[in-house]
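So you can see what is in the structure, the chains are spelled out below.
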Amino acid sequence: MIFTLQLKRLGKKKVKEVPFTLNQTPKNLEALLIACAKNQVDAFNTKRTAVNVIGFLTPAQIEEQAHSGKIDFGDITNTNLANQQQAIDNVLLAFKDGLFVVFVDDIEITDLQTPLQLSSDSVIAFIRLTFLVGTYW
């Protein structure tokens with residue numbers, strides 16, 4: 001099943017929309033978070049082990065990277081692989097600690113065991129919260 005993930009940060013106007021494919025529909029929020037973590041760890045590890053054969057950039061790639069402010073060849077010097085179980089533990093702890101919130105079709109999901117009714121046109125939004133720290137003088 002294909003979903004649309006919206007990745008947002010408070011205070012930022014840019015919303016990144018990512019198509020996301022899962023083999024089976026998650027039954028609750030915990031299953032969704034675990035599936036997302038597994039998917040991202042697999043993508044991260046695949047990128048670390050892939051060999052970059054082409055060592056040059058096309059003018060279109062240079063132009064595209066210039067918009068982001070950094071032009072590089074895509075070489076990865078850190079080839080350490082991510083631990084899938086540690087990533088799952090981190091995402092569940094981050095949700096419990098309130099570091100991000102999840103909306104499914106514009107409805108906030110506050111409990112990990114909340115059942116989800118997802119369809120192929122569902123939009124899942126992850127909003128990363130930014131906490132301000134400091135002291136008053």
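Please read all numbers here as calculations on a predicted model, not as lab measurements.

Asker: Describe in detail the overall build of the protein chain, supporting the description with residues and values.
Answerer: Scanning the protein chain for helices and strands turns up three helices and five strands. Its helices and strands in sequence order give the protein chain the pattern β-β-α-α-α-β-β-β, from N to C terminus. Residues counted as buried form 26% of the 137 residues belonging to the protein chain. Taking the intrachain contacts of the protein chain between residues at least 6 apart in sequence as the baseline, contacts between residues at least 24 apart amount to 58%. Approximately 10300 Å² of the protein chain is accessible, and the part contributed by carbon and sulfur atoms is 55%.

Asker: Just give me the short version of the sheet that holds strand 1 (residues 2-9), but keep the residues and values in it.
Answerer: The five strands lie next to each other as 2-1-5-3-4, forming an open sheet whose pairing is mixed. Among the strands making up the open sheet, the edge pair consists of strand 2 (16-21) and strand 4 (107-109). The mean angle between the axes of side-by-side strands here comes to 30°, regardless of whether they run parallel or antiparallel. Bridge analysis of strand 1 against strand 2 gives six bridges, and the strand direction is antiparallel. Residue pairing in the sheet places Gln 6 in a bridge with Glu 17 of strand 2. Helix 1 (residues 29-49) rests against strand 2, strand 3 (100-104), strand 4 and strand 5 (123-128) of the sheet, and its axis sits at about 95° to strand 2.

The rules we used
Residues numbered from 1 in each chain as written. Predicted model: local features only at pLDDT ≥ 70, side-chain atom pairs only at ≥ 80, totals over all residues. Heavy atoms only, no water. Helix = DSSP H or I, 4+ residues; strand = E, 2+ residues; numbered from the N terminus. Buried < 20%, exposed > 50% of the residue type's maximum accessible area, 1.4 Å probe, protein only. Contact = heavy atoms within 4.5 Å. Areas by Shrake-Rupley, 256 points an atom, 1.4 Å probe, with all protein chains shown as cover. Pairing = 2+ DSSP bridges. Axes fitted to C-alpha atoms, helices over the stretch in contact; angles between N-to-C directions.

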